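For reference, the chains in residue letters:
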Amino acid sequence: SFKSYEVDGVPVTKLDYTWGNGGLISQSMVLVNFEDKTVFIAYATLTSIEGAVDEFNAMIDSLTIIAK
């Protein structure tokens, strides 16, 4: 899935997908797009670990961005 939204006025894009043998690995990539740079956050986990992706999503959803 793909999401694009703003956090504290900063554009954020997020891509979630599964890959590997039959979807064994779940991965999430987040781009925080500042005017002069982009921050990339990547996370991967085995799909067999219950709640691992939910925990990562909760961290991303609670981001507070302080641009200097």
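Anything mentioned here points back to the structure above.
Attention here is on the structure that accompanies the text.

## Thoughts on the pattern of salt bridges
Move 1: Summed over the entire model, instances satisfying the criterion amount to two salt bridges.
Move 2: Across the pair Lys14 and Asp16 runs a salt bridge whose closest N-O atoms are separated by 2.7 Å.
Move 3: Judged by relative accessible area, Asp16 falls into the partly exposed class, the value being 22%.
Move 4: Ionic pairing is found between Asp36 and Lys37, a salt bridge with its closest N-O pair at 3.4 Å.
Move 5: Taking the relative accessible area as the measure of exposure, Asp36 reaches 63% and is therefore exposed.

## Quick look at the packing of aromatic side chains
How two aromatic rings sit relative to each other is set out by the distance from centre to centre and by the angle between their planes.
Move 1: One pass over the structure, following the stated rule, counts zero aromatic pairs.
Move 2: Over the aromatic face of Phe34 sits the side chain of Lys37, whose NZ or CZ is 5.9 Å from the ring centroid.

## Here's the deal with the pairing of strand β1 (residues 2-7)
Move 1: Two strands pair when backbone bridges link them, and β1 and strand β2 (residues 10-19) are joined in this way by six bridges, in the antiparallel orientation. The partner of Ser4 across the bridge, within β2, is Thr13.
Move 2: With antiparallel pairing between neighbouring strands as the criterion, β1 and β2 make up a hairpin whose turn holds two residues, including Asp8 at a positive phi of roughly 50°.

## Some points on the nonpolar core
Move 1: In terms of nonpolar packing, the biggest core is built from eight residues, these being Val7, Val10, Val12, Val30, Val32, Phe56, Ile60 and Ile65.
Move 2: Among the elements of the structure, β2, β3 (25-33) and α1 (52-61) are those that each provide at least two residues to this core.
Move 3: Setting aside chain neighbours within four positions, we find Val7 in contact with Val12, Leu63 and Ile65.

Criteria and cut-off values
Residues numbered from 1 in each chain as written. Predicted model: local features only at pLDDT ≥ 70, side-chain atom pairs only at ≥ 80, totals over all residues. Heavy atoms only, no water. Salt bridge = Lys/Arg side-chain N within 4 Å of Asp/Glu carboxyl O. Buried < 20%, exposed > 50% of the residue type's maximum accessible area, 1.4 Å probe, protein only. Phe/Tyr/Trp six-rings, centres within 6.5 Å; stacked < 30°, edge-to-face > 60°. Lys NZ or Arg CZ within 6 Å of the ring centre and 35° of its normal. Pairing = 2+ DSSP bridges. Helix = DSSP H or I, 4+ residues; strand = E, 2+ residues; numbered from the N terminus. Core = buried A, V, L, I, M, F, W, Y, C linked by side-chain atoms within 4.5 Å. Contact = heavy atoms within 4.5 Å.

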